[in-house]
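Here's the letter readout for the chains.
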Amino acid sequence: MKIEEIRHILEANVWVGEERLEGEVHAACGCDLMSDVLAFAKEEVLLLTGLVNPQVIRTAEMLDIKAIVFVRGKVPTQDMITMAKQKSMTILSTEYPLYIACGKLYRMGLMNEGEA
Amino acid sequence: MKLHYQVDGDNFLVAGEASASLKRTLKQLGIDASIIRKISISMYEAEMNMVIHAYGGVIDVELSADKVAIILKDTGPGIPDIELAMKEGYSTATHEIRELGFGAGMGLPNMKRYSDYLNVYSEVGVGTTVEITVYLT
Ligand SMILES: Nc1ncnc2c1ncn2[C@@H]1O[C@H](COP(=O)(O)OP(=O)(O)OP(=O)(O)O)[C@@H](O)[C@H]1O
Ligand SMILES: [Mg+2]
């Protein structure tokens, strides 16, 4: 699924990576625990999370995750935006809570679990 | 090649810098992405533990033709029961740390899962040393 399509489905704001919305993800992972993401996430997944701090960006970097959606109206800090820009990541935010955001993407065809 | 990193104990914002830096170096050297991933995840978990549980420390990395050996040393409180600490879900992390997304008790199990060799020595009141080795072939 294209990131642009994800943006549309989740009525999301784009914080970083406007120029990469044509990029695609094939699986997603919804999680608030960074160690769980580190334990189970596959490469090149979309990470949906309600957790907002610089370690989310760092964790994504370790896993080569290129796109993150912050849920429940959470927005990234300036530090996080700067970090994400350096790492060529795309950051979105949506008002939907985690469960609903995941459900909407799943229903629209993003069905592969982002877990190894 | 030998690399040395200093890890600041109370700066959660920059925690993980050392792991990120090694990751960039390994990428430049053209090491296989799946191997870089194993190294990055193991080292990052260990680096986060140093910051969260042990007020920082030092990391030495030795890169040779066949392997990457990482030694993380801290002078923190130590781990009284390593076998227990290695169990999935065991954590002494505070509520504040949990709110930041850590403290699931998955770090040491993750290091075990992703590294080829893991050794944890610890002495209460003295500190903890974690050795991680990942083979390149
Ligand atoms: N360097 C260290 N110094 C002192 N205690 C440590 C150190 N590393 C780990 N521990 C102890 O071992 C426990 C388990 O560590 P582990 O990394 O598996 O989980 P965690 O750090 O609590 O949570 P997570 O890694 O999932 O965020 C910790 O809660 C802590 O009590
Ligand atoms: Mg840990």
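Criteria and thresholds
Residues numbered from 1 in each chain as written. Chains lettered and ligands numbered in written order. Predicted model: local features only at pLDDT ≥ 70, side-chain atom pairs only at ≥ 80, totals over all residues. Heavy atoms only, no water. Disulfide = S-S within 2.5 Å. Buried < 20%, exposed > 50% of the residue type's maximum accessible area, 1.4 Å probe, protein only. Helix = DSSP H or I, 4+ residues; strand = E, 2+ residues; numbered from the N terminus. Polar contact = N/O pair within 3.5 Å; in protein donor to acceptor, adjacent residues only side chain to side chain. Contact = heavy atoms within 4.5 Å. pLDDT = per-residue confidence, 0-100. Pairing = 2+ DSSP bridges. Near = heavy atom within 4 Å. Areas by Shrake-Rupley, 256 points an atom, 1.4 Å probe, with all protein chains shown as cover. Nonpolar A, V, L, I, M, F, W, Y, C, P; charged D, E, K, R; others polar. Axes fitted to C-alpha atoms, helices over the stretch in contact; angles between N-to-C directions. Phe/Tyr/Trp six-rings, centres within 6.5 Å; stacked < 30°, edge-to-face > 60°.

S.K.: Which parts of the structure should I look at to understand the state of the cysteines?
M.R.: Between two cysteines, a covalent bond joining their sulfur atoms is known as a disulfide. Residues and elements named next belong to chain A. For the coordinates displayed, the defined rule picks out zero disulfides over all chains. C31 forms no disulfide, and the closest cysteine sulfur to it belongs to C29, at a distance of 5.4 Å. C31 gets classed as buried once you look at its relative accessible area, which sits at 13%. In this structure C102 is not part of a disulfide, and its nearest cysteine sulfur, from C29, lies 8.5 Å away. Judged by its relative accessible area of 26%, C102 is partly exposed.

S.K.: Please clarify how the side chain of T49 of chain A should be interpreted in this entry.
M.R.: All names here are of chain A. Structurally, the position occupied by T49 is in strand β3 (residues 46-49). From its side chain, T49 meets the backbone nitrogen of L51 in a polar contact 3.1 Å long. Residues contacting T49, with those up to four places away along its chain left out, are C31, D32, M34, V56, I68, V69, F70, V71 and L98.

S.K.: In this structure, what is going on with the confidence of the model for chain B? I would like to understand it.
M.R.: Interpreting fine coordinate detail is not advised for predicted regions of low pLDDT. Here chain B shows a mean pLDDT of 96. Residues at 70 or above account for 100%. Scored as a whole, the predicted complex attains pTM 0.94, and scored at its interfaces, ipTM 0.89.

S.K.: Would you mind showing me how to read unusual backbone geometry here?
M.R.: Even without being a glycine, D64 of chain A presents a positive backbone phi close to 60°. Considering the arrangement of structural elements, one finds D64 of chain A in the loop between α3 (54-62) and β4 (67-70).

S.K.: I would appreciate a short explanation of the pairing of strand β1 (residues 2-8) of chain B in the present structure.
M.R.: Remember that side chains alternate between the two faces of the sheet whenever the strand is regular. Residue and element names in this part refer to chain B. On β1, burial follows the alternation: L3, Y5 and V7 on one face are buried, whereas K2, H4, Q6 and D8 on the facing-out side are not. As paired strands, β1 and strand β2 (residues 56-63) are joined by seven bridges and run antiparallel to one another. Looking at β2, one finds that H4 is bridged to D60.

S.K.: Explain the site of ligand 1 to me, please; I cannot follow it from the model alone.
M.R.: Taken together, 21 residues lie around ligand 1, and S35 of chain A together with H53, S91, T92 and G103 of chain B are the ones closest in. At ligand 1, the nearby residues belong to more than one chain, namely chains A and B. Here an oxygen atom of ligand 1 and a backbone polar atom of G103 of chain B are 2.6 Å apart. Contacts to ligand 1 include A104 of chain B, whose backbone N or O atom sits 3.1 Å from an oxygen atom. In isolation ligand 1 has 590 Å² of accessible area, and contact with the protein removes 95% of it. Every element with two or more residues in the shell around ligand 1 is listed here: α2 (33-53) and α5 (107-114) of chain B. The residue inventory of the shell around ligand 1, partitioned by class, reads nine nonpolar, ten polar and two charged.

S.K.: Explain the sheet that holds strand β5 (residues 127-135) of chain B here, please?
M.R.: Two modes of strand pairing occur in sheets, parallel and antiparallel, and in both the strands are linked by backbone hydrogen bonds. Residue and element names in this part refer to chain B. Pairing within the open sheet is antiparallel, and its five strands lie in the order β1-β2-β3-β5-β4. Lying at the two open borders of the sheet, with one neighbouring strand each, are β1 and β4 (117-123). Along the sheet, successive strands turn relative to each other by an average axial angle of 10°, direction set aside. Across the face of the sheet, α5 comes into contact with β4 and β5 while running at roughly 145° to β4.

S.K.: Can you walk me through the packing of aromatic side chains in this structure?
M.R.: Aromatic ring pairs are described here by two measures, namely the spacing of the ring centres and the angle between the planes. Residues and elements named next belong to chain B. For the coordinates displayed, the defined rule picks out one aromatic pair over all chains. Taken together, a centroid distance of 5.9 Å and an interplanar angle of 85° make the contact between F12 and F102 edge-to-face. Here the residue F12 occupies a position in the loop between β1 and α1 (17-28), and F102 occupies one in the loop between α4 (95-99) and α5, the gap between them amounting to 90 residues. Since its relative accessible area comes to 17%, F12 is described here as buried. Its relative accessible area of 3% is what places F102 among the buried residues.

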